[in-house]
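Letter by letter, the chains look like this.
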Amino acid sequence: MPGRVEGKVAFVTGAARGQGRSHAIRLAQEGADIIAVDLCGQIDTVPYAMSTPEDLAETVKEVEALDRRIVATQADVRDFGALKAALDDGVAQLGRLDIVSANAGIFSFGSLEELSDTDWQNMIDVNLTGVWHAAKAAIPHLREAGGGSVILTSSTAGLMAIPNIGHYTSAKHGVVGLMRTLALELAPDMIRVNSVHPTTVNTDMIQNSATYELFAADLPEAERTREVVGARFQELNALPIPWVEPLDISNAVLWLASDESRYVTGVTLPIDAGSLTK
Amino acid sequence: MAGRVEGKVAFITGAARGQGRSHAVRLAQEGADIIAVDICADIRGLPYAGATEQDLAETVKEVEALDRRIVAVQADVRDYGALAAALADGVGQLGRLDIVSANAGIGSSPHEAQELADQTWQDMVDINLTGVWHTAKAAIPHLIEGGRGGSIVLTSSAAGLMAYPNIAHYVSAKHGVVGLMKTLALELAPHFIRVNSIHPTQVDTPMIQNEATWRLFRPDLEHPSRADFEPASQAMNVLPIPWVEPLDISNAVLFLASDEARFITGVPLPVDAGCLIK
């Protein structure tokens, strides 16, 4: 039986680890070849260790183990020229482009009153402008392919506000406006654009001492365990779980990428354990 | 390879034809057994013929041709006792319940709100809203008793998220389904029973392919045809298509019914060719 995205090519940003690696693998399992980019480096306002070249190499290994092709490049979504060059190279090698997962993103926190200009600017540059760059670089290739599916990674914080991450919430809300506008502009060419809105996902972006502090500032550091913080995360959700796994987001990306959703566009799809309903 | 809902049992209302039959067949293709109900009768005042016993028999035949089991019963979603009895019989024969598709619904002749007859309003709300509540209410004890969670998918409409003139009763009932869905999602989350709604644009079924609907869209013509309706219907959508197929809705139901969406609950999912963002 052919895979659900057999023969297609997917561009995934932030593909070195976490959700991005999971998307690359899940799409490859269902028959897609992958163009992967990741910064593989640190941004100084981000309070946890970011991905490395070794992480990206691991994604390459896991996709190739599925007998799919992958072109992986270190590139910063803030640098449109570098991003476009990486994508153009990937399309030249793999022959086409059908799917875009604009997944690269960062997290940091602070009240809006206290955030520095640099905190704010880095967040908007990566989590909003970087998403626009990924779409902008991809559009000519998708038009050439005669249609396609663009999936922007937003967040539950793209549909509701959460205190102390105003820059993140602003960027992720901006992604919804970007998604809807792209959906309108690209519909005549049968290019669909949708966004996914995860609740807390079990990745390095949240499993770190800085994020634990955000959710358990009232406790001494020694008491901010995975279990204690997990219970705090669980309070956000309606389903009795602390977080979802990267695979859960990948399955939503896969559905939106596949022809099963051929007429779905302009849609915000939460994978949020009911947190937006709560 | 195992089907995506292998070994599960799905309860589908309005299963004799159209979207309901398509859901039954699609879920059966992916390994589910089916409990199907339909009124198999004309509804007073509707400008199109209701489903028939022969239609329901055809659904049975198509599911059985896939080597899946099906229990099909004539029942009216307005009659809670009959609906609960049909479902209990089905669960008795098939052994469990995992998935609910509350799909039964009617369209009706267009009138401005001030001109709607009481009976026209009442029939609409009884079937398209109360019937959905009845379906969920009948199913909940079986889902809880199974102890494996479950997935309830309520069929709303693009008209459940935005208004259209001349169908106030339909718009009100379909908006009501969203409130019902969100409340059920909260109430059932502790049991890992997920509840979501689907919001189709025009679907190519007898509910819209009839002269009354064609005239609603083409008031300029005395006897509009399907061909006259097509461009007017397409004008609602962002993607350049006049309507979606029942299969497109079934693929969304399948995704929400499957474990791929195991942490998705409380979500209104449009399958609407972008009509909600136009």
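In case you missed it, the structure is sitting above this.
So, a few notes on the structure that sits alongside this text.

## Focus on the overall build of chain A
If you tally the helices and strands in chain A, you get 8 helices and 7 strands. Radius of gyration (C-alpha) of chain A: 18 Å, near the 19 Å computed for a compact globule of 278 residues. For chain A, the proportion of its 278 residues judged to be buried stands at 62%. For chain A, restricting intrachain contacts to residue pairs at least 6 apart in sequence, the fraction spanning at least 24 positions comes to 74%.

## Looking at the sheet that holds strand β5 (residues 150-155) of chain B
All names here are of chain B. Reading across from one edge, β3-β2-β1-β4-β5-β6-β7 is the order of the 7 strands in this open sheet, with parallel pairing throughout. Every other strand in the sheet has two partners, leaving β3 (70-74) and β7 (268-271) as the edge strands with one partner each. Adjacent strand axes in the sheet meet at a mean angle of 15° when their direction is disregarded. Summarising the sheet, β5 and strand β6 (residues 193-200) pair through 6 bridges and their orientation is parallel. Bridge pairing links T155 to I198 in β6. Where helix α2 (residues 53-64) meets the sheet, it contacts β2 (33-38) and β3, and its direction lies at approximately 175° from that of β3.

## What about the interface of chain A and chain B?
At the junction of the two partners, chain A supplies 34 residues and chain B supplies 33 residues. Across the interface of chain A and chain B, roughly 3000 Å² is buried in total on both sides, 71% from carbon and sulfur atoms. The tally of links from chain A across to chain B stands at 4 salt bridges. B:R262 is the salt-bridge partner of A:D248, the closest N and O atoms lying 2.6 Å from each other. Inspection of the region where chain A meets chain B yields 8 residue pairs in polar contact (both at pLDDT 80 or more). Of all the secondary-structure elements, those providing two or more residues to the side of chain A that touches chain B are α5 (166-186), α8 (246-257) and β7 (268-271) of chain A. Counted by class, the side of chain A that touches chain B contains 20 nonpolar, 5 polar and 9 charged residues.

## Comments concerning the sheet that holds β7(A)
Residues and elements named next belong to chain A. Taking strand neighbours across the sheet as the criterion, the 7 strands line up as β3-β2-β1-β4-β5-β6-β7 in an open arrangement whose pairing is parallel. Of all the strands in the sheet, the pair left with one neighbour each is β3 (70-74) and β7. Geometrically, the sheet is characterised by an average inter-axis angle of 15° between neighbouring strands, direction not taken into account. Where strand β1 (residues 9-13) and strand β2 (residues 33-38) come together, 5 bridges link them in parallel fashion. Among the inter-strand pairings, V9 is bridged to a residue of β2, identified as D33. Here α5 sits on the sheet in contact with β5 (148-153), β6 (191-198) and β7, set at roughly 160° to β6. Of the strands in this sheet, β4 (99-102), β5, β6 and β7 touch α8, which is tilted by about 165° from β6.

About the thresholds
Residues numbered from 1 in each chain as written. Chains lettered and ligands numbered in written order. Predicted model: local features only at pLDDT ≥ 70, side-chain atom pairs only at ≥ 80, totals over all residues. Heavy atoms only, no water. Helix = DSSP H or I, 4+ residues; strand = E, 2+ residues; numbered from the N terminus. Rg over C-alpha atoms; globule rule 2.2 N^0.38 Å. Buried < 20%, exposed > 50% of the residue type's maximum accessible area, 1.4 Å probe, protein only. Contact = heavy atoms within 4.5 Å. Pairing = 2+ DSSP bridges. Axes fitted to C-alpha atoms, helices over the stretch in contact; angles between N-to-C directions. Buried area = accessible area lost by both parts, 1.4 Å probe. Salt bridge = Lys/Arg side-chain N within 4 Å of Asp/Glu carboxyl O. Polar contact = N/O pair within 3.5 Å; in protein donor to acceptor, adjacent residues only side chain to side chain. Nonpolar A, V, L, I, M, F, W, Y, C, P; charged D, E, K, R; others polar.

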